[in-house]
Amino acid sequence: MPVLALETSTHWLSVAVGDAAGWVTRDVEVGPGHSGQILPLVQETLATASLSLKQLGVIAFGAGPGSFTGVRIACGVAQGLALGTGLPLAPVCSLQAIAEAARLKFGNLDHLCTVTDARMREVYAAAWRYRAGAWEEMLAPMVAHPDEAAACFWETVEKVGNQEAWGIVGDGLAVYPELGANFSGRVADAMVRPTAQAVGMLALTMLARGALVTAAEAVPLYVRQRVALTSAERAAGEVL
């Protein structure tokens, strides 16, 4: 059953169409320009896959956390397409999609911390364990100062065990490399990002579990509840 997947929680616009047999993917670095390019890229990806919206089984989207504008765009476009087609939606945590993208890139990874830059001297962070074909949440998605996130990561690693198996991935490492200091496991990679293919793969497991939602039920996962900056923060170049 083909999945259309959207991921816009970072400065990349990522669209994928496919299923367990294979994927057609499009990934474009767009900065803040998701809104003007997402629908043409969806049309292009579907055309390349020789599929129409009516032939899909589910629409998946990266729900965040991430860029406030980005996650709203993915959610809104997914809702609009679902309302027009009657398809169910699969909201996928973007931090979990990073873990899945790392698994697809590196192979046999089953214990991962994921971290992205949340701006304002904070990071989005979570931890995951892969078992029986699915990721289990070991540390719920959170926003925190890097020092606090590092402490939560290590507390989770010690609690779950198997310390030598743990890795850490995500662009938060590029901004705060100290987050990887305690990890001597299989991978520490700042270049891994949430992709639409990873979102789509996770949506397939949600479909198998019957964990889909309607367009009316789909919401972004913000984690941080602040929706505006102060004048001083804007003047200092801060970004939500």
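Keep in mind the model is a prediction, meaning the values are calculated, not measured. (Residues numbered from 1 in each chain as written. Predicted model: local features only at pLDDT ≥ 70, side-chain atom pairs only at ≥ 80, totals over all residues. Heavy atoms only, no water.)

1. Here's the deal with the side chain of T116
So, point 1. Note that T116 resides in strand 6 (residues 111-117).
So, point 2. T116 sits in the buried class, given a relative accessible area of 9%.
So, point 3. Those residues in contact with T116 that sit more than four places away from it in its chain are L95, I98, V123, Y124, D171 and G172. (Helix = DSSP H or I, 4+ residues; strand = E, 2+ residues; numbered from the N terminus. Buried < 20%, exposed > 50% of the residue type's maximum accessible area, 1.4 Å probe, protein only. Contact = heavy atoms within 4.5 Å.)

2. Some thoughts on the pattern of salt bridges
So, point 1. The full count for this structure, using the stated rule, is 6 salt bridges.
So, point 2. One salt bridge connects E122 with R224, and the closest N-O pair in it is separated by 2.7 Å. Of the two residues, E122 is situated in the loop between strand 6 and strand 7 (123-131) and R224 in the loop between helix 6 (196-209) and helix 7 (231-235); the sequence distance between them amounts to 102 residues.
So, point 3. Overall, the relative accessible area of 24% leaves E122 in the partly exposed class. (Salt bridge = Lys/Arg side-chain N within 4 Å of Asp/Glu carboxyl O.)

3. Remarks on the sheet that holds strand 5 (residues 89-93)
So, point 1. In space, the 5 strands of this open sheet follow the order 3-2-1-4-5, with mixed pairing throughout. Edge strands, defined here as strands with exactly one partner in the open sheet, are strand 3 (22-29) and strand 5. The sheet shows a mean angle of 15 degrees between the axes of neighbouring strands, direction not considered.
So, point 2. One ladder, built from 8 bridges, connects strand 2 (residues 12-19) with strand 3; its direction is antiparallel. Across the sheet, the residue bridging to W12 is E29, located in strand 3.
So, point 3. Here helix 1 (residues 34-48) sits on the sheet in contact with strand 1 (3-7), strand 2 and strand 3, set at roughly 25 degrees to strand 2. (Pairing = 2+ DSSP bridges. Axes fitted to C-alpha atoms, helices over the stretch in contact; angles between N-to-C directions.)

4. Looking at the nonpolar core
So, point 1. If you look at the biggest cluster of nonpolar residues, it comprises 34 residues, and the most contacted ones within it are V3, A60, L95, L112, W128 and V169.
So, point 2. Of all the secondary structure elements, the ones that give two or more residues to this core are strand 1, strand 4 (58-64), strand 5, helix 3 (94-106), strand 7 and helix 6.
So, point 3. In this view, V3 contacts A16, V17, G18, W23, L56, V58, A60, G200, A203 and L204; residues no more than four positions away in its chain are not counted.
So, point 4. L13, A74, A82 and A218 belong to the second-largest nonpolar core, a separate cluster that totals 26 residues. (Core = buried A, V, L, I, M, F, W, Y, C linked by side-chain atoms within 4.5 Å.)

5. Describing the pairing of strand 4
So, point 1. Of all the 7 residues making up strand 4, 7 are buried; the element is thus mostly covered by neighbouring parts of the structure.
So, point 2. Looking at chain direction, strand 1 and strand 4 are connected through 4 bridges and run parallel. Across the sheet, residue V3 finds its bridge partner in strand 4, namely V58.
So, point 3. Direction of pairing for strand 4 relative to strand 5: parallel, over a ladder of 5 bridges.

6. Details of the environment of E122
So, point 1. In sequence terms E122 and A149 are 27 residues apart; their C-alpha atoms lie 8.8 Å from each other.
So, point 2. Residues within four places of E122 in sequence aside, it is in contact with D117, V143, A144, H145, P146, Y176 and R224.

7. Digging into the packing of aromatic side chains
So, point 1. By the definition in use, this model includes 4 aromatic pairs.
So, point 2. Relative to F183, the ring of F153 lies with its centre 6.4 Å away and its plane at 80 degrees, an arrangement referred to as edge-to-face. Within this pair, whereas F153 is found in helix 4 (residues 146-160), its partner F183 is found in the loop between helix 5 (172-175) and strand 10 (188-189), the two being separated by 30 residues in sequence. Of the two residues examined, F153 and F183, each falls in the buried class.
So, point 3. Taken together, the ring pairs connect F153, W154 and F183 into an aromatic cluster.
So, point 4. Sitting above the plane of the W12 ring, R193 keeps its charged end 4.0 Å from the centroid. (Phe/Tyr/Trp six-rings, centres within 6.5 Å; stacked < 30°, edge-to-face > 60°. Lys NZ or Arg CZ within 6 Å of the ring centre and 35° of its normal.)

8. Quick notes on the sheet that holds strand 10
So, point 1. The strand order across the open sheet built from 5 strands is 8-7-6-9-10, with neighbouring strands paired in mixed fashion. The open sheet is flanked by strand 8 (134-144) and strand 10, the only strands paired with a single partner.
So, point 2. As paired strands, strand 6 and strand 7 are joined by 7 bridges and run antiparallel to one another. Bridge pairing in strand 7 places V115 opposite A125.

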